[in-house]
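# Summary of the model geometry
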Amino acid sequence: MIDFLVIGGGIAGLSAGARLSAHGKVTVLEAEEALGYHASGRSAALFEAAYGKPAVVALNRASADYHHTANGGYLTPRGLMLLGRSDQVAEYNADVADMDMTPISVDEARAMVPILNPETVALAAHHHEAWDIDTDRLMQDFARVIRANGGAVLTRRRVTRISRGAVWQAEAGDVFEARNIVNAAGAWADQVAVMAGVSPIGLQPYRRSMARIPAPGDHDVSGWPMLMGVGETWYAKPDAGKLIVSPADADPVEPQDAWADDMVLAEGLARYQEMVTEEVTRMDSNWAGLRSFAPDRVLVLGPDPDQRDFIWCAGQGGYGFQTSPAASQLLCDVVTGAAPEIEAGVVAQLRPERLR
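The model shown is predicted, which means the values in this text are computed figures rather than measured ones. (Residues numbered from 1 in each chain as written. Predicted model: local features only at pLDDT ≥ 70, side-chain atom pairs only at ≥ 80, totals over all residues. Heavy atoms only, no water.)

### Looking at the pattern of salt bridges
In plain terms, the rule: One side-chain nitrogen of Lys or Arg within 4 Å of one carboxyl oxygen of Asp or Glu is enough to make a salt bridge. Under the DSSP-based scheme used, a helix requires at least four consecutive residues in state H or I and a strand at least two consecutive residues in state E, with every element numbered from the N terminus. For the exposure calls, accessible area comes from a 1.4 Å probe over protein chains only, and a residue counts as buried if that area is under 20% of its type's maximum, exposed if over 50%, partly exposed in between.
Counted according to the given criterion, the structure contains 22 salt bridges. Among the ionic pairs, E33 bridges to R156, the shortest N-O distance being 3.6 Å. Of the two residues, E33 is situated in the loop between β2 (26–29) and β3 (46–47) and R156 in the loop between β9 (152–154) and β10 (161–164); the sequence distance between them amounts to 123 residues. On the accessibility criterion, E33 (54% relative accessible area) is exposed.

Rendered as structure tokens:
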């Protein structure tokens, strides 16, 4: 008998499974051939504690120590730079305040990123407390905890039917019986709920596109910060000696194996191109991922109020990796009856009850 059957093998399911595996037998079912295939495998992988709604920021801050110290730490310095035109002062000021950034001169910005165009970049700010996350190691370490505690992490196990008698039964090639289901299915979480006879919570997946381009002007980009346009209209981040550029699109779509829209990518690359001196001549590759949000854009963590053995771990949006240590611990605390370390008002903002 499985105590916690986790549906979804991304960062949400693996972190939740790892925490719960200290309290019962855990089995994680991932539909695809590899863990983290969808949103988790297509993340910008940045830890920025001030990014998100207040409840998300609380989870970010509660996750910081784990990210910095657990298993030798998962973070390496990156930094974040905000860039704007002269006609974007109001938006720039709002972003600086929201993300606790420090205004800097254009000359200071160009000293860090020499390709910035002084004819278009009029506003700049920097925040050094932003880090790259070793996402693959984080996921694998959570999976290792599950296995070490006697659980299982299975791939190519797409759930096709869920029923409930004395216990839950989920068909995924074999039939798995469990006392509790943990719904960590990302963009498919509402579909899993409906399959289980549980009311959906209104999750909406949004597509985000990415392009990988060669290092501009053959610069060594490894020490550059992540660049972000005012209002998050684009961003660029060093990655394996190249740059990932995104239009920061958020087009609502159905749950799917997402692909990049060529026109959206072209528009995003043009917004990036406007702020730099080096021309974009080619893309090495492109892809897209889904960021799935609840209506209030805050995570959904805890038992369903109408079906207490159906546990939500959904709505991570763009915050899944950076919130995972605290979000998974909170989920475990709520399920096992332990007292959460996070303030009660924040916990209430994360529970499924708020959406009923």
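### Quick look at the environment of A12
Keep this limit in mind: Contact between two residues is taken to exist if any of their heavy atoms lie within 4.5 Å; hydrogens are not considered.
Looking at the element boundaries, A12 is found in helix α1 (residues 11–20). On the basis of relative accessible area, A12 is assigned to the buried category, the value being 14%. When near neighbours in sequence (up to four residues on either side) are disregarded, A12 contacts A184, C313 and Q316.

### Considerations on the UniProt feature "domain: FAD dependent oxidoreductase" (unreviewed entry) in the protein
Our working rule: UniProt positions are given in the numbering used here, feature names are shortened, and annotations may be inferred rather than shown by experiment.
If you check UniProt for "domain: FAD dependent oxidoreductase" (unreviewed entry), the listed places come out as residues 3–333 in our numbering. Across residues 3–333, helical content stands at 27% and strand content at 30%; the span's end C-alpha atoms are separated by 15 Å.

### Observations regarding the packing of α1 against helix α5 (residues 135–148)
Heads up, the rule is: To get an axis, a line is fitted to the C-alpha atoms, and for a helix only the part in contact is used. The angle between two axes follows their N-to-C directions and goes from 0 to 180 degrees. Two helices crossing with the near one rotated counterclockwise from the far one by less than a right angle form a left-handed crossing, whereas a clockwise rotation gives a right-handed crossing.
Packing of α1 against α5 leaves a shortest axis separation of 8 Å and a crossing angle of 35°. In this structure, α1 meets α5 at a crossing whose hand is left-handed. Contact with α1, carried on its side by I11, L14, S15, G17 and A18, involves L138, M139, F142, A143, V145 and I146 of α5 and no other residues of that element.

### Side note on the nonpolar core
Looking at soluble globular proteins, one finds that nonpolar side chains tend to be buried together. The condition is simple: For this analysis, a nonpolar core means a set of buried residues of the types Ala, Val, Leu, Ile, Met, Phe, Trp, Tyr and Cys, connected via side-chain atoms within 4.5 Å.
Residues L14, L59, L301 and L350 are the most contacted members of the largest nonpolar core, which totals 50 residues. Sort the elements by how many residues they give to this core and helix α8 (residues 320–336) lands first, with 7 residues. Apart from residues lying up to four places away in sequence, L14 is in contact with G8, G9, V28, L35, M139, F142, A143, I146 and V153. In this structure, I162, A172, A189 and V198 belong to the second largest nonpolar core, which totals 25 residues.

### Description of the sheet that holds strand β4 (residues 75–77)
Selection rule: Two strands form a pair only when DSSP identifies at least two bridges running between them.
Across the sheet, which stays open at both edges, the 3 strands sit in the order β3-β8-β4 with antiparallel pairing between neighbours. Two strands lie at the open edges of the sheet, namely β3 and β4, each paired on one side alone. Here 2 bridges tie β3 to strand β8 (residues 131–133), and the two strands are oriented antiparallel to one another. From the neighbouring strand, L46 faces β8, where its bridge partner is D132.

### Remarks on the environment of L265
Along the chain, L265 falls in helix α7 (residues 262–274). Note on L265: relative accessible area 2%, which makes it buried. For the pair L265 and N286, spaced 21 residues apart in sequence, the C-alpha separation works out to 8.6 Å.

### Observations concerning the packing of aromatic side chains
Which entries qualify depends on this criterion: Under the pairing criterion, centres of Phe, Tyr and Trp rings, with the six-membered ring standing for Trp, must be within 6.5 Å; the plane angle then separates stacked pairs below 30 degrees from edge-to-face pairs above 60, leaving the rest tilted. Our definition puts a charge over a ring when NZ of Lys or CZ of Arg is within 6 Å of the ring centre and also within 35 degrees of the ring normal.
By the definition in use, this model includes 9 aromatic pairs. Taking 6.1 Å as the distance between ring centres and 55° as the angle between the ring planes, the aromatic pair formed by W168 and F310 counts as tilted. Linking W168 in strand β11 (residues 168–172) with F310 in strand β20 (residues 307–314), this pair joins segments that are 142 residues apart in sequence. Put simply, the rings of Y51, Y206, F293 and Y319 touch in pairs and so form one group of aromatic residues. Lying over the aromatic face of Y37, R42 brings its terminal NZ or CZ to 5.2 Å of the ring centre. Between R164 and the ring centre of W168, over which it is positioned, the NZ or CZ distance is 5.5 Å.

### Some details on helix α2 (residues 54–69)
Here is the rule we go by: Here a helix's expected span is defined as the number of its residues, less one, multiplied by 1.5 Å. Bend is the name given here to the angle between axes fitted to two runs of seven residues, the run ending at a residue and the run starting at it.
Between its terminal C-alpha atoms α2 stretches 24 Å, which fits the 22 Å expected from 16 residues at 1.5 Å a residue. Considering bend angle alone, the principal kink of α2 is centred on S63 and spans about 35°. Where α2 is concerned, the buried positions are A55, V56, V57, L59, N60, S63, A64 and H67. Of the residues trailing α2, N71 is marked for its positive phi of about 50°.

### Let's talk about the side chain of R19
Test applied: Under the convention used here, Asp and Glu are negative, Lys and Arg are positive, and both His and the chain ends fall outside the count. Here a polar contact is taken to be a pair of N or O atoms separated by no more than 3.5 Å, where protein atoms must pair a possible hydrogen donor with a possible acceptor and residues adjacent in sequence count only if both atoms sit in side chains.
Within the element layout of this structure, R19 appears in helix α1. Summary of buried charges: R19 has no salt-bridge partner, and the nearest side chain of opposite charge, D333, is 8.1 Å away. In terms of polar contacts, R19 uses its side chain to reach the side chain of S328, at 3.0 Å. Those residues within four positions of R19 in sequence are excluded, and the remaining contacts are Y66, P325, S328, Q329 and C332.

### Let's talk about the side chain of N117
Along the chain, the position of N117 falls in the loop between α4 (106–112) and β7 (123–127). Overall, N117 belongs to the buried group, its relative accessible area being 15%. A distance of 2.9 Å separates the side chain of N117 from the backbone nitrogen of E119, its partner in a polar contact. When neighbours within four sequence positions are excluded, N117 is seen to be in contact with E274, M275, V276 and T277.

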